[in-house]
Amino acid sequence: MVPCLLFLLMQVQDTIAICPSQLSQHMALAALQQGGSYVQDAIAALSHNRALIADALSPLGTEGHGWVGGEGAIYFWAKLPDCFSTPPATNKKTSAATRQEPSITENKHNPPTSSTSSSSQPTGNSATDEDVVAWLIRQHGVCVIPGSACGVPGYIRVAFANLTPAKCEVAAGRLKAGLKELISLQQLPKS
């Protein structure tokens, strides 16, 4: 890279980090001019969506015991059953004997953390969280993020902020049906 160009690029980067664009400023001003009702309506929609997705995750457990999040964040972390927690094949550095399993913690705003306690390893199933996500998309028409994409294999991340309440109701119904079926299968069918 041309040395003088690097200096100019760093100036641009600095400006981006400290100065919101005019579009963002105009949008913020418009939101403020709408008054408190705009914010209250948005919060009500988020609260409704949060409740729908929390219910959809119920096949995996309860808040703090199977899934966490949704308070301050616009997504949940949910632990998949152990039989669907095989680490992705791309992580060949750790073996099953040395791998630390993630566990749900009381911190509701951060992804689950690794713990030193060992949990039972999957038996007879090589499904990963990525496989579960692909299956949920194909079979139930609902998309979530595999935990391994965020460094937490064996979990899924479920966002709820970018859907209208009506669309969230449909998505939550599909997710709950998919998770119920997943638990009853104990193994993903061969695709």
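Reading the values: rules and limits
- Residues numbered from 1 in each chain as written.
- Predicted model: local features only at pLDDT ≥ 70, side-chain atom pairs only at ≥ 80, totals over all residues.
- Heavy atoms only, no water.
- Helix = DSSP H or I, 4+ residues; strand = E, 2+ residues; numbered from the N terminus.
- Phe/Tyr/Trp six-rings, centres within 6.5 Å; stacked < 30°, edge-to-face > 60°.
- Buried < 20%, exposed > 50% of the residue type's maximum accessible area, 1.4 Å probe, protein only.
- Lys NZ or Arg CZ within 6 Å of the ring centre and 35° of its normal.
- Expected span 1.5 Å × (residues − 1).
- Arc of directions from axis to C-beta.
- Contact = heavy atoms within 4.5 Å.
- Core = buried A, V, L, I, M, F, W, Y, C linked by side-chain atoms within 4.5 Å.
- Polar contact = N/O pair within 3.5 Å; in protein donor to acceptor, adjacent residues only side chain to side chain.
- Pairing = 2+ DSSP bridges.

Q: Which residues make up the environment of G66, and what values go with them?
A: Turning to its location among the elements, G66 is positioned in strand 2 (residues 66-69). For the pair formed by G66 and A78, sequence separation is twelve residues and the distance between their alpha carbons is 5.8 Å.

Q: Help me get a handle on the packing of aromatic side chains, residues and values and all.
A: Enumeration according to the criterion identifies three aromatic pairs in this entry. Taken together, a centroid distance of 6.3 Å and an interplanar angle of 90° make the contact between Y75 and W77 edge-to-face. With a relative accessible area of 16%, Y75 lands in the buried category. Ring-pair connections join several aromatic residues into one group, and the members of that group are W67, F76 and F160. Positioned above the aromatic ring of Y75, the side-chain terminus of R157 is 3.6 Å from the ring centre.

Q: Provide a residue-level description of helix 3 (residues 36-56), including the pertinent values.
A: With 21 residues, helix 3 ought to run about 30 Å at 1.5 Å a step, and its terminal C-alpha atoms sit 30 Å apart, in line with that. Along helix 3, the residues classified as buried are N49, R50, I53, A54 and A56. Along the long axis of helix 3, the arc covered by the buried residues comes to 145°, so they all point the same way. Turned more than 90 degrees away from the buried face of helix 3, the exposed residues are Q40 and D41. Residues of helix 3 that are buried in the fold lie against strand 1 (62-63), strand 2, strand 3 (75-79), strand 7 (155-159) and helix 5 (165-185).

Q: Now, about the nonpolar core: what can you tell me, with residues and values included?
A: Ranked by internal contacts, the top residues of the largest apolar core, which has 28 residues, are I53, L57, F84, I156, L175 and L182. For this core, the secondary structure elements donating two or more residues are helix 3, strand 3, helix 4 (129-140), strand 7 and helix 5. Top contributing element to this core by residue count: helix 5, with six residues. Ranked by size, the runner-up nonpolar core spans six residues in total, among them V68, Y75, V152 and Y155.

Q: A description of the side chain of T128 should follow, citing residues and the corresponding values.
A: Secondary-structure assignment places T128 in the loop between strand 5 (113-114) and helix 4. Polar contacts involving the side chain of T128 include one to the main-chain amide nitrogen of E130, which spans 3.2 Å.

Q: Could you give me a rundown of the sheet that holds strand 6 (residues 145-146), with the residues and numbers involved?
A: Here we have five strands laid out as an open sheet, ordered 1-2-3-7-6, and mixed in their pairing. The outermost strands of the open sheet, each flanked by one partner alone, are strand 1 and strand 6. Judged from the five bridges that link them, strand 3 and strand 7 form a sheet pairing that is antiparallel. By the bridge assignment for strand 7, K79 is matched with Y155.

Shape descriptors only; they carry no functional weight alone.
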